[in-house]
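Secondary and tertiary structure notes
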Amino acid sequence: MMDDEVDWRIHDYQVGNGNPGHKAPSSPRPPRVKAIWHNSFHDQIEKNAGEIEEMLAASAAILSGSENPVIRALASAENELVTSVAEAIKLTLRVGPDQLGIKLNPPAKGKLILVRSATTPAIKVGGMRFHIIGPFSAELKKLRGNEQVA
């Protein structure tokens, strides 16, 4: 959807700046997105993200050569995880101020959406209320390797 939004913004720019014959994108115009909630893998992991992505990609490549169907299924799952990390990074760049300028995680002032305190009130969006149930700061510290896992 964000790629479609980029395509339509390019088209609108071209048409509005002297190129009325610019071909419209083949996809329908996406709805207007005011904000997005997205905890990217890189923001959660920080410094270890590149190492983890590389390890998963290498592991998936090695495991995919196995004759054992269970191991090949594991390789496929790891490959899907690597792909989803890449897509998450792309989404983070797309919504950023240099491309689409869509607000990222407004309830957390642009930072990660996480449980900051047990008494944090629900976040209201229109007629709905959302309670953040995770992650917790302690879980992110463990994930980042800043704290020993018990």
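A short tour of the structure in this document, coming up. Computed from a predicted structure; not experimentally measured. (Residues numbered from 1 in each chain as written. Predicted model: local features only at pLDDT ≥ 70, side-chain atom pairs only at ≥ 80, totals over all residues. Heavy atoms only, no water.)

This part is about the pattern of salt bridges. For the structure shown, the criterion picks out four salt bridges. Here Lys90 and Asp3 are joined by a salt bridge, their closest N and O atoms 2.9 Å apart. Placement of Lys90 in helix H4 (residues 69-95) and of Asp3 in helix H1 (residues 2-16) is noted, with a sequence separation of 87 residues between them. Residue classification places Asp3 among the partly exposed residues on the basis of a relative accessible area of 31%. With a closest N to O distance of 2.8 Å, Arg9 and Glu5 form a salt bridge. (Salt bridge = Lys/Arg side-chain N within 4 Å of Asp/Glu carboxyl O. Helix = DSSP H or I, 4+ residues; strand = E, 2+ residues; numbered from the N terminus. Buried < 20%, exposed > 50% of the residue type's maximum accessible area, 1.4 Å probe, protein only.)

Our next topic: the environment of Ala108. Following the sequence through the fold, Ala108 ends up in the loop between strand S2 (103-104) and strand S3 (123-125). Classification of Ala108 by relative accessible area gives buried; the value is 11%. Sequence spacing of Ala108 and Trp37 is 71 residues, and the spatial spacing of their C-alpha atoms is 9.3 Å. Every residue in contact with Ala108, bar those within four places of it in the chain, is listed here: Ile113 and Arg116. (Contact = heavy atoms within 4.5 Å.)

Quick look at the nonpolar core now. Core analysis: the largest hydrophobic core is formed by six residues, namely Met2, Val6, Ile36, Val95, Leu100 and Ile102. Here Val95 is in contact with Met2, Ile36, Leu100, Gly101, Ile102 and Leu104, once residues within four sequence places are set aside. (Core = buried A, V, L, I, M, F, W, Y, C linked by side-chain atoms within 4.5 Å.)

Right, let's get into the side chain of Asn105. Structurally, Asn105 is set in the loop between S2 and S3. At 3.5 Å, the side chain of Asn105 and the side chain of Asn39 are in polar contact. Asn105 has contacts with Ile36, Trp37, His38, Asn39, Gly110, Lys111, Leu112 and Ile113, leaving out every residue within four places of it along the chain. (Polar contact = N/O pair within 3.5 Å; in protein donor to acceptor, adjacent residues only side chain to side chain.)

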